[in-house]
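As a plain string of letters, each chain reads:
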Amino acid sequence: GQNIDQPTEMTATEGAIVQINCTYQTSGFNGLFWYQQHAGEAPTFLSYNVLDGLEEKGRFSSFLSRSKGYSYLLLKELQMKDSASYLCAVRDRAAGNKLTFGGGTRVLVKP
Amino acid sequence: DTEVTQTPKHLVMGMTNKKSLKCEQHMGHRAMYWYKQKAKKPPELMFVYSYEKLSINESVPSRFSPECPNSSLLNLHLHALQPEDSALYLCASSQDGGIHTGELFFGEGSRLTVL
C-alpha cells in the first residue's frame, strides 16, 4: 500500500513564500504529481517529478528526493488567487501504476 | 477552460432514481477515469478505462456502473444510490492508454446529492 502525508493547512501572507511538504512510502515509485484545486473546482496539474531534483515553472517549483520519499511544492510571490488545496499524488508501479492522492494541503493566503 | 466536459454539473436524485453522469474529451486521450471526492478529502479512484476497456474497478458497489461507448465518451450510470454516495464525481483523462501515464486532465465534476 501507500502512505502519503502532507500538512492539512498552511497560512501565508501575500507576496511571501510557502513550502508544502509531502512524504510518501511506495513499493515501486514511478512519479509524483502536484495538483492545485480551488474549492468546488477540478484539480489542475501543476508539476511532475520522477527524477531527483528541482523542477521550476514560473512561481511554482517542485522538488523530489526518491531516497528520502520526500517532495515539496514551493510557491513564491504568493497571490490571493493561490488560496486553494494542493494535492500530492504518487504513482506506484507495484499498484498497477495507479495514482494515489494525499489528503491535500489547504493554503490560505492573507493580505 | 477544461477540455474534459462533464454533465450535468449538479444532480439531485432520490434513492430509487436511475440517472447517468456523462464525460467527454476530444484530446485523443486513450485512458479515462472516474474519481469520487468527498468534501475536504482527496479524489478516490473508482474506475479506469484504457483503450475503451475497463482496466480497474476499485471494488466500487454495483449501484455504480461505468460505460465507455467510444474513446471520447465515458458514462457513469447510477441506480439505487445511498445518501452517503453524495459527492463530487470527477472524470479525468490521460494521453496514453497505459494507466495513469502522464498527467491527468480533470473535468469540473458533477456534484451529486442523494436524498
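Every value quoted in this text rests on a predicted model; they were computed, and no experiment measured them.

A. Inspection of the overall build of chain B at higher detail. On a plain count of helices and strands, chain B comes out with zero helices and eleven strands. Tracing chain B from N to C terminus, the helices and strands come up as β-β-β-β-β-β-β-β-β-β-β. Here the C-alpha coordinates of chain B stretch approximately 40 × 30 × 25 Å along the principal axes. Per-residue burial for chain B yields a buried fraction of 47% across its 115 residues. Across chain B, the fraction of contacts at a sequence separation of at least 24, relative to all contacts at a separation of at least 6, is 56%. Of the accessible surface of chain B, which amounts to about 5600 Å², a share of 49% is contributed by carbon and sulfur atoms. Each charge class in chain B can be summarised by its mean position, and for the 12 positive and 12 negative side chains these summaries are 9 Å apart.

B. Representation of the overall build of chain A in the model. From N to C terminus, chain A includes zero helices and eleven strands. In sequence order, chain A lays out its α and β elements as β-β-β-β-β-β-β-β-β-β-β. Its C-alpha radius of gyration of 13 Å places chain A within 12% of the 13 Å reference for a compact globule of 111 residues. When its C-alpha atoms are laid out on the principal axes, chain A stretches across 45 × 30 × 20 Å. Considering chain A as a whole, with its 111 residues, one finds that 49% of them fall into the buried category. In chain A, the share of contacts with a sequence separation of at least 24, taken over all contacts with a separation of at least 6, comes to 55%. Roughly 5200 Å² of accessible area belongs to chain A as shown, and the carbon and sulfur atoms make up 48% of that amount. The positive charge centre, built from 11 side chains, and the negative charge centre, built from 10, are 4 Å apart in chain A.

C. Here's a closer look at the environment of K81(A). Residue and element names in this part refer to chain A. With respect to the helices and strands, K81 occurs in the loop between β8 (70–75) and β9 (84–92). For K81, a relative accessible area of 55% gives the class exposed. Ignoring any residue separated from it by four or fewer positions in sequence, one finds K81 in contact with Q36, H38 and R59.

D. Spatial organisation of the sheet that holds β8(A). Residues and elements named next belong to chain A. What the five strands build is an open sheet, ordered β1-β3-β8-β7-β6; its pairing is antiparallel. Each of the sheet's edge strands pairs with one partner strand only, and the pair in question is β1 (3–5) and β6 (53–57). Between one strand and the next, the sheet's axes are offset by a mean angle of 15°, whatever the strand orientation.

E. Looking closely at the sheet that holds strand β3 (residues 18–25) of chain B. All names here are of chain B. Spatially, four strands are ordered β1-β3-β8-β7 in an open sheet, and the strand pairing comes out antiparallel. Only two strands of the sheet have a single partner each, and these edge strands are β1 (4–7) and β7 (64–70). Taking each pair of neighbouring strands and ignoring which way they run, the sheet shows an average axis angle of 20°. As judged from the five bridges shared by β7 and strand β8 (residues 73–79), these two strands associate in the antiparallel manner. For S65, the partnering residue across the bridge sits in β8 and is H77.

F. Representation of the interface of chain B and chain A in the model. Between chain B and chain A, the contact holds 20 residues from the first and 17 residues from the second. Between chain B and chain A lies a buried interface of about 1400 Å² when both sides are counted; carbon and sulfur atoms form 59% of it. The interface formed by chain B and chain A holds zero salt bridges in total. Of all the secondary-structure elements, those providing two or more residues to the side of chain B that touches chain A are β4 (31–37) and β9 (87–94) of chain B. Here the residues of the side of chain B that touches chain A sort into ten nonpolar, five polar and five charged.

Here is what the cut-offs are and how they apply
- Residues numbered from 1 in each chain as written.
- Chains lettered and ligands numbered in written order.
- Predicted model: local features only at pLDDT ≥ 70, side-chain atom pairs only at ≥ 80, totals over all residues.
- Heavy atoms only, no water.
- Helix = DSSP H or I, 4+ residues; strand = E, 2+ residues; numbered from the N terminus.
- Buried < 20%, exposed > 50% of the residue type's maximum accessible area, 1.4 Å probe, protein only.
- Contact = heavy atoms within 4.5 Å.
- Areas by Shrake-Rupley, 256 points an atom, 1.4 Å probe, with all protein chains shown as cover.
- Lys, Arg positive; Asp, Glu negative; His and termini not counted.
- Charge placed at Lys NZ, Arg CZ, Asp CG, Glu CD.
- Rg over C-alpha atoms; globule rule 2.2 N^0.38 Å.
- Pairing = 2+ DSSP bridges.
- Axes fitted to C-alpha atoms, helices over the stretch in contact; angles between N-to-C directions.
- Buried area = accessible area lost by both parts, 1.4 Å probe.
- Salt bridge = Lys/Arg side-chain N within 4 Å of Asp/Glu carboxyl O.
- Nonpolar A, V, L, I, M, F, W, Y, C, P; charged D, E, K, R; others polar.

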